[in-house]
Amino acid sequence: MSEAFSYYSGVPTFIEMLSIAMVAILIFLIGMILNMKKWGGGSIKAFLSAFIKSASENKHQSIVTSLVLDILLQRRLLRRSPFRWVMHMLIFIGWGGMLLLSLVFAAFEMLSEIGIGSFDLNAIRNSFDVPNEVLGYLLLLGLIIAIIRRLVLSEVSKRTQIFDWVLVLGILFITVTGFIAEGYRPDSVTAWSFLGADAALAQSLSLFHVAISLLFCIAYIPFSKYMHMIAAPLTIIANGGGE
Amino acid sequence: MADEKKAVEKNIPEIPKGEPSIKTDVIDPISLMQYDACTRCGECDNWCPTLDAMKRDMNISPRDKIGRWRNFMGKNYGLMARLFGPRKIPEEDIQNFNDHLFHCTTCGACGTVCPAGLNTIEMWEATRQQLVLRGNGPYGKQSLFPKLIGEMHNPYMKEQKDRLLWVPDDVKIADNAEIAYFTGCTAGFNMQVLAVSTARVLNKLDVPFTMLGEDEWCCSSALIRTGQPHIGDTPREAAIHNVEALEAKGVKKVLFACAGCFRAATIDWPRLMGRKPNFEVVHITDFLAEQVEQGKITWEKSLEGKTITYHDPCHLGRHVGVFEGPRKLIASMPGGNFVEMERNRELQRCCGAGGGVKAGIPELALGVASARIKDALDVKADILSSACPFCRRNLGDGRNSVMSLETGDFNKRDNEGNDMQVEDLIVLTAELMGLSTKIKSET
Ligand code: SF4
Ligand code: SF4
């Protein structure tokens, strides 16, 4: 174990973090297996072969085009509502970007832990500070727009169900805990450093933040109505994408 | 108690304890996945023609229907169901869901605008079939389709030997030709002005064509759209019969003037047969647009400064993607002023007749048609044209309802004296080419 290294905000417990991540991924995979069984009428194989058949028969464009234009850039949504597209992209880029940075950093940390390479993890972490903060604000802005939209537009608020609020407020809670954990970090350089330096609190908050991120944003998805986050991109691929 | 009553009324077998209330065996895996892919954004609700016609009764909302079926699936096949057994879904909920699902023309607008790209047409049709198998569906008079189409090969209770009764003496039909005209039941029996106009236009253009005549069977679109393809296996038998009969004639190209038959021949028949036919399937408007491009059409008359608009039939446009042929044809007609309705091409508003709605829920079909008529009135159209006998019939009913006119004789050309003429493009084409559009009984 590297000497008192702090993962982002000061969690020295790489093993704990890894365990939570593994559990979250395992729960996610179990959920995906159950869903694929449900879609395939009890057989994962039936689902997978129907999926592959559909994706290859409906090939109006290359899969790369579908991934980039339809899934990442959401051009179908842009055609219908530029406003909702901006909101969605802010959330998607913020959330997806931070997930990516976390994965990259976790990879460096893991390589260090198992002794494959020797990296200056503090320097890497510090170099991620600015992009992480920018991405965090993009996500926060998107969430604020989503909340105001649900409160202000009567058509939208009438049709909002409890789980819509759980999703938006859940991600907002995770985002804010991330900012706060960062703010308590003794070497914090963010706007949230006004909270004061408290290494112990930063460690606990950071662990809490990462744990709920993994459980809510990964493990819970296949068991909830948020399954659309996985099923919608799969649908676009199965239907061959396109405008 | 209410549940038992509903189940008995509908003849639904009792579900043994511990068994799921719904099955999913005829819904394909991709459609089942799509129920989980809906983000609940509500975009589809902004475009659904039946939701509008039902004064936004949210039971009809595509978004809500997806959510309800997803809930049913969760109760019967979700994690809790796996751990503790499936939960019983009240019979009334399933029946209500069924009835709301049939308040849909399968127009596909919801899928076209869906940011998640859901193929809703496939979802609706497969789920309808599941509910028909369960004993809940179809809806109203739609239940007559299997017997009529299965036994008589047309939904109008006509004899097969009368398939060619509409053919007037002046029309020449070849025994063998490279091109065939698949007339369809509606044009052949109930809207003969379309059949005679198509035949005369082809004759005038010197395009020899043949027909199946008594050998032509209903395309079976109505059975597929209403979730009844399994009953007697009629659509598959019809697909095999029609395709093999056309192939036996050695035709290279088959022309369709009915959007419903065209959709069935393009998408449903190959799927049912497991292979593509050995001929090209072409809608007559695309064929005529080609003739225009080749300079083969000579217009004898003009639209005389009238404003004309075009309604894209769902089965021709959104379902198959034919949008430009009809517009090229109209653009070539002399003396007209073509205007688009606000909702056009893939975003058009359905005429209201499809998906079995005209037969099952005629008042809903009329409500949707009336909305489409108002779309045409908004652009001050003198002529509302379309390219499907079913659309023309229902839009004609809508026009009559909005303008308080008497019911017209849809077998014949629409009255020019009507404030807004509702007419098929092929009938207009025949007229402007100087041809008679009179049906046999008028000649
Ligand atoms: S297919 Fe058409 S009528 Fe049916 S739910 Fe979708 S938009 Fe509404
Ligand atoms: S448009 Fe698509 S994703 Fe949005 S509510 Fe309708 S079906 Fe669901």
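What you see as residue numbers is a count from 1 along each chain, following the sequence as written. As a convention, the first chain written is A and the first ligand written is 1, with the rest following in written order. At least 70 in pLDDT is required for a residue's local features to be given in this predicted model, at least 80 for side-chain atom pairs to be given and counted, and no such filter applies to totals for whole chains, interfaces and linings, which use all residues. To obtain the side-chain values, all non-hydrogen atoms of the structure were used and water was disregarded.

Student: Help me out: how do you make sense of the pattern of salt bridges in this one?
Tutor: Any two side chains of opposite charge can pair, on the condition that their charged atoms come close. All names here are of chain B. Think of a salt bridge as a Lys or Arg side-chain nitrogen and an Asp or Glu carboxyl oxygen that are within 4 Å of each other. For the coordinates displayed, the defined rule picks out 39 salt bridges over all chains. In this structure, the salt-bridge partner of R392 is E423, at a minimum N-O distance of 3.1 Å. Of the two residues, R392 sits in helix α19 (residues 389–402) while E423 sits in strand β8 (residues 421–424), which places them 31 residues apart along the sequence. The buried label applies to any residue whose accessible area, calculated with a 1.4 Å probe on protein chains only, is under 20% of its type's maximum; exposed applies above 50%, and partly exposed to all values in between. Given a relative accessible area of 1%, E423 falls into the buried group. One network of salt bridges, in which partners are shared, links D52, R56, R349, R372 and D375. Only DSSP runs of H or I covering at least 4 residues are called helices, and only runs of E covering at least 2 are called strands; the numbering of each starts at the N terminus.

Student: What is the right way to read the confidence of the model for chain B from this model?
Tutor: Note that predicted coordinates carrying low pLDDT should not be read in detail. In this model, chain B carries an average pLDDT of 95, and 98% of its residues clear a pLDDT of 70 or more. Scoring of the predicted complex yields 0.92 for pTM and 0.90 for ipTM. Each residue carries a pLDDT score, the predictor's own confidence in it, on a scale running from 0 to 100.

Student: Looking at this structure, I do not really get the domain arrangement of chain B. What am I missing?
Tutor: Note: interface size is frequently given as the accessible area lost on complex formation between the parts. All names here are of chain B. Where each domain begins and ends is defined by an automated method or by a domain database. In terms of domains, chain B is made up of domain 1 (17–137), domain 2 (142–291) and domain 3 (299–442). Each of domain 2 and domain 3 was reduced to a C-alpha centroid, and the two centroids are 21 Å apart. Contacts between domain 2 and domain 3 engage 37 residues on the former and 39 residues on the latter. Here the quantity called buried area is the total loss of accessible area, with a 1.4 Å probe, experienced by two parts when brought into contact, counted for both. Carbon and sulfur atoms make up 72% of the area that domain 2 and domain 3 hide from each other, which totals about 3,000 Å². Taken together, the connections running from domain 2 to domain 3 amount to 0 salt bridges. N or O atoms within 3.5 Å of each other form a polar contact, as long as, within protein, one can give a hydrogen and the other can take it, and as long as residues adjacent in sequence are counted only when both atoms are side-chain atoms. Where domain 2 meets domain 3, there are 10 residue pairs in polar contact (both at pLDDT 80 or more). Contributing elements (two or more residues each) for the side of domain 2 that touches domain 3: α10 (185–190), α11 (192–204), α14 (259–273) and α15 (284–293). The residue makeup of the side of domain 2 that touches domain 3, split by class, is 21 nonpolar, 11 polar and 5 charged. We call two residues contacting when some pair of their heavy atoms lies within 4.5 Å. Following the grouping adopted for this structure description, the nonpolar residues are Ala, Val, Leu, Ile, Met, Phe, Trp, Tyr, Cys and Pro, the charged ones are Asp, Glu, Lys and Arg, and the polar ones are all others, Gly among them.

Student: I keep staring at the site of ligand 1 and nothing clicks. Help me out?
Tutor: Residue and element names in this part refer to chain B. Neighbouring ligand 1 are C48, P49, T50, P62, C104, T105, T106, C107, G108, A109, C110 and W124. Elements that contribute at least two residues to the shell around ligand 1 include exactly α3 (49–53) and α7 (109–113). In terms of residue class, the shell around ligand 1 is built from 8 nonpolar, 4 polar and no charged. Any residue with a heavy atom positioned within 4 Å of a molecule or strand is treated as near that molecule or strand.

Student: Is there a simple way to explain the pairing of strand β1 (residues 179–182) of chain B in this structure?
Tutor: Residue and element names in this part refer to chain B. On β1, burial covers both faces: I179 and Y181 on one face and A180 and F182 on the other are all buried. Two strands pair if DSSP finds at least two bridges between them. Where β1 lies against strand β2 (residues 209–210), 2 bridges are found, and the strand directions are parallel. Residue pairing in the sheet places A180 in a bridge with T210 of β2. Where β1 meets strand β3 (residues 253–256), 4 bridges bridge the pair, whose relative direction is parallel. For I179, the partnering residue across the bridge sits in β3 and is K253.

Student: When you look at the state of the cysteines in this model, what are you seeing that I'm missing?
Tutor: Here, disulfide denotes a covalent bond that connects the sulfur atoms of two cysteines. Disulfides are defined in this document as cysteine sulfur pairs within 2.5 Å. In the structure shown here, the tally under the stated rule is 0 disulfides over all chains. Here C219 of chain B is not disulfide-linked; the sulfur of C261 of chain B is the nearest cysteine sulfur, at 3.9 Å.

Student: Would you take a moment to explain the packing of aromatic side chains for this structure?
Tutor: Between two aromatic rings, the relevant description is the distance of the centres plus the angle of the planes. Residues and elements named next belong to chain A. Aromatic rings from Phe, Tyr and Trp, with only the six-membered ring used for Trp, were paired whenever their centres fell within 6.5 Å, and each pair was classed as stacked if the ring planes differed by under 30 degrees, edge-to-face if by over 60, and tilted otherwise. Summed over all chains, the structure comprises 21 aromatic pairs over all chains. Note on F108 and F119: the rings are 4.9 Å apart at their centroids and 75° apart in plane angle, and the pair reads as edge-to-face. Of this pair, F108 sits in helix α5 (residues 82–113) while F119 sits in the loop between α5 and α6 (121–152), placing them 11 residues apart in sequence. Judged by relative accessible area, F119 falls into the partly exposed class, the value being 32%. Through a chain of ring-to-ring contacts, the aromatic side chains of Y137, F179, W192 and F194 assemble into a single cluster.

Student: Is there a simple way to explain the sheet that holds β2 of chain B in this structure?
Tutor: Strand pairing in a sheet relies on backbone hydrogen bonds. The paired strands run either parallel or antiparallel. Residues and elements named next belong to chain B. In space, the 4 strands of this open sheet follow the order β2-β1-β3-β4, with parallel pairing throughout. Because the sheet does not close on itself, it has two edges, and the strands there are β2 and β4 (280–283). Bridge count for β3 against β4 is 4 bridges, and the pairing is parallel. What sits directly across from V254, in β4, is V281. Comment: axis = line fitted to C-alpha atoms, over the contacting stretch for helices; angle = value between 0 and 180 degrees taken between N-to-C directions. Sitting on the sheet, α15 is in contact with β1, β3 and β4, with an inclination near 80° to β4.

Student: How do you make sense of the sheet that holds β8 of chain B when you look at a structure like this?
Tutor: All names here are of chain B. Spatially, the 4 strands line up as an open sheet ordered β6-β5-β7-β8, and their pairing is parallel. The two strands at the open ends of the sheet, each matched to only one other strand, are β6 (337–338) and β8. Sheet topology places strand β5 (residues 307–310) next to strand β7 (residues 383–386); 3 bridges connect them, and they run parallel. Bridge pairing in β7 places I308 opposite I383. Each of β7 and β8 is contacted by α19, which is oriented at about 175° to β8, the strand it contacts most.

Student: Looking at this structure, I do not really get the interface of chain B and chain A. What am I missing?
Tutor: Between chain B and chain A, the residue contacts involve 34 residues of the former and 31 residues of the latter. When residues of chain B are sorted by the area they lose upon contact with chain A, M33, D36 and R40 of chain B head the list and together hold 23% of the total. On the surface where chain B and chain A come into contact, there are 7 salt bridges. Note that K38 of chain A is salt-bridged to D36 of chain B, the shortest N-O span being 2.9 Å. Viewed at the interface, chain A and chain B are joined by 13 residue pairs in polar contact (both at pLDDT 80 or more).

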